[in-house]
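Next come the chains, spelled out residue by residue.
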Amino acid sequence: VYNPLIHNNEKEFQSFLITQDLGWEIVQGTWTVDQKLIINGDLYINAGTKLLFSEDSYLVVKGALKIYGTEKEPVILEGIDSNWKGIYVLADDNSDTVILNAIFRNTSGVNDGLLSLTGGTNIYKGRVKLDSVDFEGTSAEDALNIIQAEVDIKNLSVKDSFSDGFDCDYCKGVIIESTFKNIGGDGLDFSGSKVLLERLSFESIKDKGLSVGEASNVILKDSVFKTIGVGIASKDGSEAKVFDSSITDYELHAAMTYSKKKHFDVYSSLDLANCSVIGDDPFLSQFNTNLTVDGVPQKERDVNVEDLYSSGV
C-alpha cells in the first residue's frame, strides 16, 4: 500500500496483506482516508466497512476491486463533509472486479496532475460484476464509467448526478433491474458496446434516458421512461432494438435516430416493438437513418444536429 494514512479515531492502521497472491484487505470498521490511497494488487473490502474520504483524497486500485457488502451491512464510501475525488480501478483482461451491496456517495472525479478521469467511479478492463450498488450525488461528468470490460450488472441505482449517470464504453454483457433517477445529463450512455438491457427504469432525466452511440448494439426489454428530455437515441452507426417498454412525459421526442459524428458511415437504426408511447411528436428520424415502430418506418427529416445539441436537450 502506498502511504495510505487510514485511521479510526486516534488509532492508525495500515491495510494488511492476506497473502502475496490474494492482495490487500481493509479490515471492517469506520476509517478516514485523508490523502490518495494507491493499491498495487487486488483490494478486498469487507461487509460493514465505512470509508470516509477527505476532499482531495481518492482511491486507485492497480488490480481488481472486491467489495463484499451484505444487505444488512453494506460497504459505504463517501466524503467526510463534502465531495471526494473518487475511484479508479485499473485491472487487466483476466481480472474479476466484484462489488456487492455498496454505496458510493458525493464523488467529484479523479483529478490529480496527469491523472484526470471523467467518472466519479472508473473501472477499466476485466470482468465486472455489480449487484445492489448505489451511486448517489456525484458532481463528476459520469457517476460511473466502465471501459473495455465484460459487465454483469443487477440492481444498480444511479441518482442525483450533476451530469451523466452511467457511461459504458466498449463493453459487452448484461444490465438488468436497475434505476436511473434525477440525472442532469444522460441516464445510460453507450459507446462501442454490445449489451442486453432488461427491466430498467429512467425517471427525471434532463437529456437522453438511453443514449446508444458509436457503433453500439443494444437490446432493451420491459423498461420504463418518464419525465425525460428524450427517451432513446440511436446515433453514429448504432443499432438498438426496444421491446415491451413505455415512454411518457418527454420534452423533445420519445425516440430519435441521427448522426452526430460524421466518420461513422454506417446508418443508425432504432426499432420499437410493442411499446407504449404517449405524447406529441414522438419520433424523429434524420435522413439516412432508420427508425421503425412495430415494423412501420417513420418518415425521415432534415435535422440540424448542431442546433439540436445547443437547445439544452
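Residues numbered from 1 in each chain as written. Predicted model: local features only at pLDDT ≥ 70, side-chain atom pairs only at ≥ 80, totals over all residues. Heavy atoms only, no water.

Caption draft 1: Broad picture of the pattern of salt bridges. The tally for this structure, following the rule as stated, stands at 12 salt bridges. Here Arg127 makes a salt bridge to Asp96, at a shortest N to O gap of 2.6 Å. Linking Arg127 in strand E17 (residues 127–136) with Asp96 in strand E13 (residues 96–105), this pair joins segments that are 31 residues apart in sequence. Given a relative accessible area of 32%, Arg127 falls into the partly exposed group. (Salt bridge = Lys/Arg side-chain N within 4 Å of Asp/Glu carboxyl O. Helix = DSSP H or I, 4+ residues; strand = E, 2+ residues; numbered from the N terminus. Buried < 20%, exposed > 50% of the residue type's maximum accessible area, 1.4 Å probe, protein only.)

Caption draft 2: Quick look at the layout of surface pockets. Of the voids in this model, the largest pocket is the one considered here, and its volume is about 270 Å³. Around the largest pocket, the lining comprises 19 residues; the ones closest to its centre are Asp186, Asp189, Lys235, Lys260 and Lys261. Elements represented by at least two residues in the lining of the largest pocket include exactly strand E20 (164–169), strand E22 (188–191) and strand E23 (194–213). Among the elements that line the lining of the largest pocket, the one with the most residues is E23, at four residues. When its residues are assigned to classes, the lining of the largest pocket shows two nonpolar, four polar and 13 charged. (1 Å grid on protein atoms, 1.4 Å probe; cavity = no way out; pocket = protein on both sides within 12 Å on 5 of 7 lines; lining within 4 Å. Points joined across faces, edges and corners; volume = space filled by probe spheres on them. Nonpolar A, V, L, I, M, F, W, Y, C, P; charged D, E, K, R; others polar.)

Caption draft 3: Up close: the confidence of the model for the protein. Predicted confidence across the protein gives a mean pLDDT of 91, with 91% of residues reaching 70 or more. A low-confidence stretch, residues 1–20 (pLDDT under 50), is modelled with 46 contacts involving residues beyond four sequence positions or located in other chains. (pLDDT = per-residue confidence, 0-100. Contact = heavy atoms within 4.5 Å.)

Caption draft 4: Region of the structure containing empty space enclosed by the protein. One pass over the structure, following the stated rule, counts one cavity of 30 Å³ or more. Roughly 40 Å³ of volume is contained in the largest cavity. If you trace the largest cavity, you find it lined by Phe104, Arg105, Asn106, Thr107, Phe135, Glu136, Gly137, Thr138 and Ala143. Of all the secondary-structure elements, those providing two or more residues to the lining of the largest cavity are E13 and E17. By residue class, the composition of the lining of the largest cavity is three nonpolar, four polar and two charged.

Caption draft 5: Fine view of the pairing of strand E11 (residues 75–79). Of all five residues in E11, five are buried, a share of seventy percent or more. Residues Val75, Leu77 and Gly79 line one face of E11 and the alternating positions Ile76 and Glu78 line the opposite face, and both faces are buried. Examined bridge by bridge, strand E8 (residues 50–53) and E11 share four bridges and lie parallel to one another. Residue pairing across strands places Leu51 opposite Leu77, the latter belonging to E11. Where E11 meets E13, three bridges bridge the pair, whose relative direction is parallel. Directly across from Val75, in E13, lies its bridge partner Ala102. (Pairing = 2+ DSSP bridges.)

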